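Tertiary structure, described
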Amino acid sequence: MPTLSRRHAVGALCVGAFLPAAPAIAQSLPTRDIAFGPHPRQRLDIYIPGDGGRQRRPVVFFIYGGSWSSGSRGTYFFVGNALAARGYVTVIADYRLVPDVRFPGFIADGALALAQVRASIGRYGGNPDRIFLLGHSAGAYNAMMLALDPRHLARAGVSRRSIAGAAGLSGPYDFLPLDAAATQAAFAGVGNLAETQPINFARRGAPPIFLGTGTADTTVRPRNTDSLAARLSAARVPVTVRKYEGVGHAGTVLALAPFFRGTPVLDDLAGFFGA
C-alpha cells in the first residue's frame, strides 16, 4: 500500500491486496448491479441479512476509499457481509473517479445513489428513514460531506432527516493546503477550497457522528479525526471517537473482515448504529 509522509497526505489504498479472492460469504443475500444513473460506475449492490428477516431494518450505506481515483464495490463484499450479519441492510455503491470527475462529482454520485436507496430500499427490507453513512479513507470524506454539507443531498432530492448518523474510518477532514498529488488531482480548480473541507461544515443540526482512526496511520493522520471531533463538539453535535492502538490506515476497514478481526471496529460501529 502506498504511504505518503506529508502531514495532511491522503494516500491510495488498495484493500484488494490484503484480501483473498473469494465470493460473498453466505451471511447475506446480495442483490447486485442496481443502476442509479447512466454511467457504468453508477451501480450499487445491496446485502440483505441472510435470514430474510423482518422488514424496515436500519440501512448502512458504505463508501470505500482509494484517493477518489480507484476502488470497486465488489472488493468490499466483506463489509456488506459483516454488517448484514449484524442485521443491517447494507448498500455499497461505486462512483465516478478522478480524472473523469473532480470535486464535487464523486460526492454527487453518493447523493444520487442515496436518492435511489431512499426510494427503493423498502422492497429489500430496509427503513428509508433510518440510513447511516459509513466510509473509509476518501470514502469517509465523502460520507462526512454528505452528512455535514446539506447542499449535496438537497441537489439529489434527499431529505437530510433520512440520515440517522454518519461514521468515518481513517478519513481526511481537514487537509489544506493541497500538498499531496491525490488531493491536488481531486480538488484541482475549486475556487473556494474552504468549501471542500468537512471541518468547515461542523454545525449544530448535523446528525450524530462516529470517528474512528488507527494511532499508527501515516497515510491519513489521526489529527484529521481530532480536528473534526473538536469542531463537532464545539457545535454541540453528538460525536463518538475511537482510536485503535497500533492500527494503520487499512486496518480500520480490514477489521470488518472475518480473517482480520481482533480490533473492535465492528462492535463499535454496531454500538453507534444501534444507539
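So, a few notes on the structure that sits alongside this text. (Residues numbered from 1 in each chain as written. Predicted model: local features only at pLDDT ≥ 70, side-chain atom pairs only at ≥ 80, totals over all residues. Heavy atoms only, no water.)

**Quick notes on the overall build of the chain**
Counting secondary structure elements, the chain contains 8 helices and 8 strands. When each of the 275 residues of the chain is scored for burial, the buried share is 56%. The contacts of the chain with a sequence gap of at least 6 include a subset with a gap of at least 24, amounting to 76%. Summing over all exposed atoms, the chain offers an accessible surface of approximately 10,400 Å²; the carbon and sulfur share of this is 52%. (Helix = DSSP H or I, 4+ residues; strand = E, 2+ residues; numbered from the N terminus. Buried < 20%, exposed > 50% of the residue type's maximum accessible area, 1.4 Å probe, protein only. Contact = heavy atoms within 4.5 Å. Areas by Shrake-Rupley, 256 points an atom, 1.4 Å probe, with all protein chains shown as cover.)

**Notes on the packing of helix α2 (residues 105–120) against helix α3 (residues 138–148)**
Working note: a packed helix pair is described by the angle between its axes plus the distance between those axes. Remark: α2 packs on α3, axes separated minimally by 10 Å, with the N-to-C direction vectors making an angle of 65 degrees. Overall, the two elements α2 and α3 adopt an arrangement that is roughly perpendicular. Crossing angle aside, the handedness with which α2 passes α3 is right-handed. Contacts between α2 and α3 involve Phe106, Ile107, Gly110, Ala111 and Leu114 on the former and, on the latter, Tyr141, Asn142, Met145 and Leu146. Split by residue class, the contact of α2 with α3 holds 7 nonpolar, 2 polar and no charged. (Axes fitted to C-alpha atoms, helices over the stretch in contact; angles between N-to-C directions. Parallel < 35°, antiparallel > 145°, perpendicular 65-115°, else oblique. Left-handed = near helix turned anticlockwise from the far one by under 90°. Nonpolar A, V, L, I, M, F, W, Y, C, P; charged D, E, K, R; others polar.)

**Concerning the nonpolar core**
Considering soluble globular proteins, one finds that nonpolar side chains tend to be buried as a cluster. The biggest cluster of nonpolar side chains holds 89 residues, and the ones touching the most others in it are Phe61, Phe106 and Phe273. Of the residues forming this core, the biggest block, 9 residues, is contributed by α3. Apart from residues lying up to four places away in sequence, Phe106 is in contact with Trp68, Tyr95, Arg96, Val98, Val101, Tyr141, Asn142, Ala186 and Phe187. (Core = buried A, V, L, I, M, F, W, Y, C linked by side-chain atoms within 4.5 Å.)

**So, the packing of aromatic side chains**
The geometry of an aromatic ring pair is captured by two quantities: the separation of the ring centres and the angle between the planes. Applying the stated criterion across every chain yields a total of 21 aromatic pairs. Residues Phe272 and Phe273 carry aromatic rings whose centres are separated by 5.8 Å and whose planes lie at 55 degrees to one another, so their mutual orientation is tilted. Of the aromatic side chains, those joined through ring pairs into one cluster are Phe62, Tyr64, Tyr76, Phe77, Phe78 and Tyr95. (Phe/Tyr/Trp six-rings, centres within 6.5 Å; stacked < 30°, edge-to-face > 60°.)

**Some thoughts on the pattern of salt bridges**
Where charged atoms from two side chains of opposite charge approach closely, those side chains can pair. Taken as a whole and judged by the stated rule, the model has 14 salt bridges. Taken together, the shared-partner salt bridges in this structure form one network comprising Arg32, Asp33, Arg41, Asp45, Arg73 and Asp94. (Salt bridge = Lys/Arg side-chain N within 4 Å of Asp/Glu carboxyl O.)

**Concerning helix α1 (residues 77–85)**
Burial within α1 is extensive, with 8 of its 9 residues counted as buried. Immediately beyond the C-terminal end of α1, within one or two residues, lies Gly87, with a positive phi of roughly 100 degrees.

**Some details on unusual backbone geometry**
Going from Val98 to Pro99, the amide bond is cis rather than trans, its omega being 10 degrees. At the junction of Leu176 and Pro177, the peptide bond is cis and its omega measures out at 0 degrees in the coordinates. In this fold, Pro177 is placed in the loop between β6 (163–169) and α5 (181–187). A positive phi is found at Ser137, a non-glycine position, where the angle reads about 60 degrees. Assignment of secondary structure puts Ser137 in the loop between β5 (126–136) and α3. You can call Ser137 buried: its relative accessible area is 0%. Positive phi is not limited to glycine here, since Arg236 has a value of about 65 degrees.

**Points about the side chain of Thr252**
Counting through the fold element by element, Thr252 comes out in helix α7 (residues 251–254). Exposure remark for Thr252: the relative accessible area of 0% places this residue in the buried category. Here Ser170 takes part through its side chain, which lies 2.7 Å from a polar atom of the side chain of Thr252. The residues touching Thr252, leaving out its near neighbours within four places in the chain, are His136, Leu169, Ser170, Thr213, Gly214, Tyr244, Val247 and Val265. (Polar contact = N/O pair within 3.5 Å; in protein donor to acceptor, adjacent residues only side chain to side chain.)

**Thoughts on the environment of Leu134**
If you trace the backbone, Leu134 turns up in strand β5. As a C-alpha pair, Leu134 and Leu269 span 135 residues in sequence and 9.1 Å in three-dimensional space. When sequence neighbours within four positions are dropped, the list of residues in contact with Leu134 reads Val60, Phe61, Phe62, Ile63, Leu83, Ala143, Ala167, Leu169, Leu269 and Phe273.

**A word on the environment of Leu97**
Among the secondary structure elements, Leu97 is positioned in the loop between β4 (89–93) and α2. Residue classification places Leu97 among the buried residues on the basis of a relative accessible area of 11%. Each C-alpha atom, one on Leu97 and one on Arg41, is 8.6 Å from the other, the two residues being 56 residues apart in sequence.

**Some thoughts on the pairing of β5**
Counting buried positions over the 11 residues of β5 gives 9, a clear majority of the element. Judged from the 6 bridges that link them, strand β3 (residues 57–63) and β5 form a sheet pairing that is parallel. Note on β5: the bridge partner recorded for Phe61 is Leu133. Where β5 meets β6, 6 bridges bridge the pair, whose relative direction is parallel. Looking across to β6, one finds that Ile131 is bridged to Ile163. (Pairing = 2+ DSSP bridges.)

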